[in-house]
Amino acid sequence: MQYERGEIAKKPAVAITPDKTIEEAAALMAQHRVGLLVIVDKENPKKPIGVISERDIIRGIAQKTPLTATVDKVGTMRNFVYVYDYDPITAAARKMRQHNVRHVVVVDKEGNLYGVISIRDLIGEKQVLEILARDWAPTKE
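Caption draft 1: Main features of the side chain of Thr21. Inspection of the secondary structure assignment puts Thr21 in the loop between strand 1 (15-16) and helix 1 (22-32). The class of Thr21 is buried, set by a relative accessible area of 19%. For Thr21, the residues in contact, after removing those within four places along its chain, are Leu67, Thr68, Ala69, Thr70 and Val71.

Encoded structure:
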């Protein structure tokens, strides 16, 4: 199933620069009620360079990382999971499952930030759920 541009990412991404603190990231997540922030280049706010999730913050706290440390110390830099804005939405679902993540960054063909898809976004997509159920159903032996 192919979605029109804009349908794959229903919500704009909430971005943060790598020089901001973990505490600032947590406040931004709470303010926007999101579980993931896209870390963008300070000089080019359209260029994603990483992500920081709720899980990253919890992991950082567990490892005694101070809340004053910058987000690039606990976030996933460079190797974050993404799809293109022209990919079918099922590509996002498959990548979430493959990488065990709850969010996927969406970029355009130039690599500019377009949005984010969360697992919650996929739950409401009946066709996506049907495809995933078929693809991941246990096989009978």
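Caption draft 2: How the structure looks around the side chain of Ser118. One can find Ser118 in strand 7 (residues 113-118). The contact partners of Ser118, leaving out residues within four places of it in the chain, are Lys11, Met96, Arg102 and His103.

Caption draft 3: Here's a closer look at unusual backbone geometry. Of note, the phi angle at Arg33 is positive, near 55 degrees, even though the residue is not glycine. Here Arg33 shows up in the loop between helix 1 and strand 2 (36-40). Since its relative accessible area comes to 77%, Arg33 is described here as exposed. With a phi close to 70 degrees, Arg78 is a non-glycine residue in the positive phi region. You can see Arg78 is positioned in the loop between strand 4 (76-77) and strand 5 (82-84).

Rules and cut-offs
- Residues numbered from 1 in each chain as written.
- Predicted model: local features only at pLDDT ≥ 70, side-chain atom pairs only at ≥ 80, totals over all residues.
- Heavy atoms only, no water.
- Helix = DSSP H or I, 4+ residues; strand = E, 2+ residues; numbered from the N terminus.
- Buried < 20%, exposed > 50% of the residue type's maximum accessible area, 1.4 Å probe, protein only.
- Contact = heavy atoms within 4.5 Å.

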